[in-house]
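Structure assessment
The lines below spell out each chain.
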Number of protein chains: 2
Amino acid sequence: MTRWPLPAYMQLALAQAREAADCGEVPIGAVVVKDGAVIAAARNGPRERHDPTSHAEIEAIRAAAAILGNERLEGCELWVTLEPCAMCAGAISHARIARLYYGASDPKGGAVEHGARVFEHDQCLHRPEVYAGIGETEAAEMLRSFFRARR
Amino acid sequence: MTRWPLPAYMQLALAQAREAADCGEVPIGAVVVKDGAVIAAARNGPRERHDPTSHAEIEAIRAAAAILGNERLEGCELWVTLEPCAMCAGAISHARIARLYYGASDPKGGAVEHGARVFEHDQCLHRPEVYAGIGETEAAEMLRSFFRARR
């Protein structure tokens, strides 16, 4: 049997998540891609950075916007290992991310297909296309083993 | 007639909003307060800073967390001139803000009493106490005149 390979961008996001775990942060990683080129890759780091907004998506979006010199990431994709929370879904909308690809869904904290469902309200002025479940096994297993080790 | 004076923290948030307008940014300001002391004051600035996450609340929370050396702003208050959006409501929750005071409500982009209603879902792990309508006339008039001038 040949397992279908993960897209390279999700592999990169997973590598960022692994780096977060190595630093004692919840393993979540994100990558911003434009026209096939990786603009920014980032990981979760709120504890170490003393910044409650330091989720992988926020870090990747801020880095990409700084690099592109534009608060709007038109035509960009965001690849992230976990379903975004309300804060990150809001940031994805403000940044005008065109396509969102995520790995594991997050019933406990997600706000795309759970809870606040940020993209589904009239107050959301920009909705990305959303593709879920890419690398979910790898992303979820990384989170499970991180929390298992900390119990 | 004596008009009831605005709390000093909301006056400070409004002054930050005014500064944003002077810089061509949508006039929204925010202040983080702990035990009666102002920890951080900030304004909206996504265009100038090339950062879609640069809302007043996010800037104030990030600054306060950096100053206090802690990602959790336990016991802190956030004063902001406009009802927070989904991104900012999420950040307020992650930061463990104890009390949220805001001025004008925002039917078009708010996510506290409108749309995503971020604090009302099980996925929201921390809910602040919420006080609305403090300085709403001043905050709303500043926004109206900003957009009127740009039409």
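All residue numbers here refer to positions counted from 1 along the written sequence of the relevant chain. Each chain gets a letter, beginning with A, and each ligand a number, beginning with 1, in the order they are written. Local features in a predicted model are, by the rule used here, given only for residues with pLDDT of at least 70; side-chain atom pairs are given and counted only at 80 or more, and totals for whole chains, interfaces and linings are based on all residues. Working from all heavy atoms in the structure, the side-chain values ignore hydrogens and water.

Attention shifts here to the overall build of chain A. When helices and strands are counted, chain A shows 5 helices and 5 strands. Here a helix means four or more residues in a row that DSSP labels H or I, a strand means two or more in a row labelled E, and each is numbered from the N terminus. In chain A, the succession of α and β elements from N to C terminus is α-β-β-α-α-β-α-β-β-α. For a compact globule the rule gives 2.2 Å times the number of residues to the power 0.38, and the radius of gyration it is set against comes from C-alpha atoms. Here chain A has a C-alpha radius of gyration of 14 Å; the compact-globule value for 151 residues is 15 Å, and the two agree. Dimensions of chain A along its principal axes, counting C-alpha atoms only, are 40 × 40 × 30 Å. Within chain A, buried positions represent 54% of all 151 residues. Two residues form a contact once any of their heavy atoms are found within 4.5 Å. Taking the intrachain contacts of chain A between residues at least 6 apart in sequence as the baseline, contacts between residues at least 24 apart amount to 56%. For every residue, the accessible area obtained with a 1.4 Å probe (protein chains only) is divided by the maximum for its type, and the residue is called buried under 20%, exposed over 50%, and partly exposed between those limits.

We now examine the interface of chain A and chain B. Between chain A and chain B, the contact holds 33 residues from the first and 33 residues from the second. Defined here as a combined quantity, buried area equals the accessible surface (1.4 Å probe) lost by two parts on assembly, summed across both. Taken together, both faces of the contact between chain A and chain B bury some 2500 Å²; the carbon and sulfur share is 63%. It is A:Pro52, A:Glu71 and A:Gln123 that lose the most area in chain A upon contact with chain B, and together they represent 25% of the buried surface on that side. By salt bridge we mean one thing: a side-chain nitrogen of Lys or Arg within 4 Å of a carboxyl oxygen of Asp or Glu. Taken together, chain A and chain B are joined by 2 salt bridges. Across the salt bridge formed by A:Asp51 and B:Arg62, the nearest N and O atoms sit 2.9 Å from each other. Only helix H2 (46-49), helix H3 (56-68) and helix H4 (86-94) of chain A provide two or more residues apiece to the side of chain A that touches chain B. Polar here means any residue other than Ala, Val, Leu, Ile, Met, Phe, Trp, Tyr, Cys and Pro, which are nonpolar, and Asp, Glu, Lys and Arg, which are charged; Gly is therefore polar. Taken together, the residues that form the side of chain A that touches chain B break down as 15 nonpolar, 13 polar and 5 charged.

UniProt positions are given in the numbering used here, feature names are shortened, and annotations may be inferred rather than shown by experiment. The feature "domain: CMP/dCMP-type deaminase" (unreviewed entry), as annotated in UniProt, sits at residues 4-113 of chain A in this numbering. Measuring from the first to the last C-alpha atom of residues 4-113 of chain A gives 25 Å, for a span that is 37% helix and 24% strand.

Here the focus is the pairing of strand E4 (residues 99-104) of chain B. All names here are of chain B. Counting buried positions along E4 gives 5 out of 6 residues, so the element sits mostly inside the fold. With the strands aimed away from the viewer, a crossover counts as right-handed if its path from the first strand over the helix to the second runs clockwise. Handedness of the crossover joining strand E3 (residues 76-82) and E4 through helix H3 (residues 86-94) is recorded here as right-handed. In this description, strands pair whenever DSSP reports at least two bridges between them. Where E4 and strand E5 (residues 129-132) come together, 4 bridges link them in parallel fashion. Counterpart to Tyr-102 in the pairing with E5 is Ala-132.

The subject of this paragraph is the sheet that holds E4(B). All names here are of chain B. Across the sheet, 5 strands lie side by side as E2-E1-E3-E4-E5; this open sheet has mixed pairing. Bordering the open sheet on either side are strand E2 (37-43) and E5, each of which pairs with just one other strand. When strand polarity is set aside, the average angle formed by the axes of neighbouring strands in this sheet is 15°. Judged from the 5 bridges that link them, E3 and E4 form a sheet pairing that is parallel. The partner of Val-80 across the bridge, within E4, is Tyr-102. Between the N-to-C directions of two axes lies an angle of 0 to 180 degrees, each axis being a line fitted to C-alpha atoms and, for a helix, fitted only over the stretch in contact.

Now for the relation of the copies chain A and chain B. A rotation about an axis combined with a shift along that same axis relates the two copies of the chain. Expressed as a screw operation, the relation of chain A to chain B combines 0.0 Å of axial shift with a rotation of 180°, fitting to an RMSD of 0.0 Å. Put plainly, the chains are arranged around a two-fold axis. Nearest to the rotation axis, the C-alpha of A:Met87 is located 1.8 Å from it, this being the minimum over chain A. Interface overlap between copies is the fraction of interface residues in one copy that are interface residues in the other; for chain A against chain B it reaches 100%, indicating a shared surface. Copies overlap after least-squares fitting; the atoms used are the C-alpha atoms of residues with pLDDT of at least 70 in both.

Once that is clear, we can look at helix H2 (residues 56-68) of chain B. All names here are of chain B. Multiplying one less than the number of residues by 1.5 Å gives the expected span of a helix. Compared with the 18 Å implied by 1.5 Å per residue over 13 residues, the 18 Å span of H2 between its first and last C-alpha is a close match. Among the residues of H2, those classed as buried are Ala-56, Glu-57, Ile-58, Glu-59, Ala-60, Ile-61, Ala-64 and Ala-65. Among the structural elements, strand E1 (29-34), E2, E3 and H3 are those in contact with the buried residues of H2. Gly-69 sits one or two residues past H2 and shows a positive phi near 65°.

It is worth spelling out the UniProt feature "active site" (unreviewed entry) in chain A at this point. Residue and element names in this part refer to chain A. On the UniProt side, "active site" (unreviewed entry) is annotated at positions that read Glu-57 here. Relative to the elements of secondary structure, Glu-57 occurs in helix H3. The buried category is assigned to Glu-57, whose relative accessible area is 4%.

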